[in-house]
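The residues making up each chain are set out below.
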Amino acid sequence: MVYKVLNALGRNFFPPYCVLCLSGEAIGEDYFCSGCKADLPWLQHCCDVCSLPLPSAAKDKRCGRCLQRLPAFDRCVGAFYYADPIAKLISDFKYRAKLNYGRILGMQLAAQLGTHYQAHTLPGLILPVPLHRSRLRSRGFNQSLELAKTVAAQLGMPVASDYLVRCRATSSQKDLHFNDRQRNVRAAFAIRAKHSLPDKVALLDDVVTSGATVAELARLLKDNGVQEVHVWCVARTERS
Ligand SMILES: [Zn+2]
Ligand SMILES: [Zn+2]
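In what follows, the accompanying structure is described. (Residues numbered from 1 in each chain as written. Chains lettered and ligands numbered in written order. Predicted model: local features only at pLDDT ≥ 70, side-chain atom pairs only at ≥ 80, totals over all residues. Heavy atoms only, no water.)

### With respect to the coordination of the zinc ion (ligand 1)
And step 1. Around the zinc ion (ligand 1), the protein supplies Cys-18 (SG), Cys-21 (SG), Cys-33 (SG) and Cys-36 (SG) as donor atoms, at distances of 2.3 Å.
And step 2. What the 4 donor atoms of the zinc ion (ligand 1) show is an angle range of 102 to 117° at the metal, which sorts the shape as tetrahedral.
And step 3. As a motif over one chain, the donors of the zinc ion (ligand 1) read C-x2-C-x11-C-x2-C. A residue pair is termed long-range when its members are at least 10 positions apart, and Cys-18 in the loop between helix 1 (2–8) and helix 2 (34–39) and Cys-36 in helix 2 qualify at 18 residues.
And step 4. You can call Cys-18 buried: its relative accessible area is 1%. (Donors = N, O, S within 2.8 Å, 3.2 Å for Na, K, Ca; no water. Tetrahedral: all angles 85-135°; square planar, octahedral: opposite > 155°, others 65-115°. Helix = DSSP H or I, 4+ residues; strand = E, 2+ residues; numbered from the N terminus. Buried < 20%, exposed > 50% of the residue type's maximum accessible area, 1.4 Å probe, protein only.)

Shown next, in the form of structure tokens:
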């Protein structure tokens, strides 16, 4: 209740409590208390390439799908497995415009990325996955761009929101099966040719599920001279 009142004071108001259990334990920049943070669905023991969780007994560092055929992107790094309470925070961020949750999630992603990269191995640019203008109009913000701003600030990287364009409104991926997802995003994007791109870029999305969207974008970027495409996401989940 207290949190609701405080939250109503402003979208970007940061309460001095854990965002999950509302305990007032010292939480620093994290906005999670240590107990809740330990219980988050951290993405551990996952495929080196696509970041999907591997069975705990698996010795391979790649999942069966990547062993058979590598995806169009070179590497995916995520912070969490898509499960509550992260799924709920993402949903509130996107559909209830809780932009402060976006910042909290972006901070966690940046912290995870910091464990995977050194300053000289970071991509040269972050490209948020674009929304079609009709969805941008109805939502009022692009969740991937909001996350990218936080990650970029934390890692000292540039972010470009106008290089990639979603030129076709696609159905929501979450309601589609895997093959339909690939079909749904084919030729849905364009690149603004006036920009020159670095050799290595990071695509950033809130959730990566089938990977069809980021794979389509990776192909487009590579057709335009990019050598290496990394995918960064707050949450990773298996295809449905
Ligand atoms: Zn807590
Ligand atoms: Zn994989």
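### Considerations on unusual backbone geometry
And step 1. The omega angle of the peptide bond from Asp-84 to Pro-85 is 5°, so this bond is cis rather than trans.
And step 2. Relative to the helices and strands, Pro-85 is located in the loop between strand 1 (75–81) and helix 4 (86–95).
And step 3. Even without being a glycine, Ser-51 presents a positive backbone phi close to 75°.
And step 4. Even without being a glycine, Ala-97 presents a positive backbone phi close to 55°.
And step 5. With respect to the helices, strands and loops of the structure, Ala-97 is situated in the loop between helix 4 and helix 5 (99–116).

### Focus: the sheet that holds strand 1
And step 1. As summarised here, the arrangement of the 4 strands in space is 1-6-5-2, forming an open sheet in which the pairing is parallel. In this open sheet, the two strands that pair with only one neighbour each are strand 1 and strand 2 (125–128). When the angles between neighbouring strand axes are averaged without regard to direction, this sheet yields 20°.
And step 2. As judged from the 4 bridges shared by strand 2 and strand 5 (residues 200–208), these two strands associate in the parallel manner. Bridge assignment links Ile-126 to a residue of strand 5, and that residue is Ala-202.
And step 3. Seen against the sheet, helix 7 (residues 143–155) touches strand 2, strand 5 and strand 6 (228–236) and runs at an angle of roughly 130° to strand 5.
And step 4. Strands in contact with helix 9 (residues 212–223) are strand 2, strand 5 and strand 6; relative to strand 5, the strand with the most contacts, it is inclined by about 165°. (Pairing = 2+ DSSP bridges. Axes fitted to C-alpha atoms, helices over the stretch in contact; angles between N-to-C directions. Contact = heavy atoms within 4.5 Å.)

### Topic: the packing of helix 5 against helix 7
And step 1. Orientation of helix 5 relative to helix 7, taken along the N-to-C sense of each, is 45°, at an axis distance of 8 Å. One way to sum up the angle between helix 5 and helix 7 is to call them oblique. Relative to helix 7, helix 5 is oriented so that their crossing is right-handed. Two secondary-structure elements touch here, helix 5 through Leu-99, Gly-102, Arg-103, Leu-105, Gly-106, Met-107, Leu-109, Ala-110 and Leu-113 and helix 7 through Glu-146, Leu-147, Thr-150, Val-151, Gln-154 and Leu-155.
And step 2. Residues that form the contact of helix 5 with helix 7 fall into these classes: 9 nonpolar, 4 polar and 2 charged. (Parallel < 35°, antiparallel > 145°, perpendicular 65-115°, else oblique. Left-handed = near helix turned anticlockwise from the far one by under 90°. Nonpolar A, V, L, I, M, F, W, Y, C, P; charged D, E, K, R; others polar.)

### Topic: helix 7
And step 1. The end-to-end C-alpha distance of helix 7, which contains 13 residues, comes to 18 Å, matching closely the 18 Å that a straight helix rising 1.5 Å per residue would cover.
And step 2. Inspection of helix 7 places Gln-143, Ser-144, Leu-145, Leu-147, Ala-148, Thr-150, Val-151 and Ala-152 among the buried residues, and these make up the whole buried set.
And step 3. The inward-facing, buried residues of helix 7 abut helix 4, helix 5, strand 2, helix 6 (133–139), strand 5 and strand 6.
And step 4. For helix 7, the capping residue at the N-terminal end is Asn-142, with a side-chain oxygen 2.9 Å from the backbone nitrogen of Ser-144. (Expected span 1.5 Å × (residues − 1). Polar contact = N/O pair within 3.5 Å; in protein donor to acceptor, adjacent residues only side chain to side chain.)

### A word on the pairing of strand 5
And step 1. A large share of strand 5 lies buried, amounting to 8 of its 9 residues.
And step 2. Handedness of the β-α-β unit built from strand 5, helix 9 and strand 6 comes out right-handed. (Right-handed = clockwise from strand over helix to strand, strands pointing away.)

### Observations regarding the coordination of the zinc ion (ligand 2)
And step 1. Coordination of the zinc ion (ligand 2) by the protein involves Cys-47 (SG), Cys-50 (SG), Cys-63 (SG) and Cys-66 (SG), with metal-donor separations of 2.3 to 2.4 Å.
And step 2. Geometry at the zinc ion (ligand 2) is tetrahedral, judged from the 4 donor atoms that bind it and their angles of 103 to 118° at the metal.

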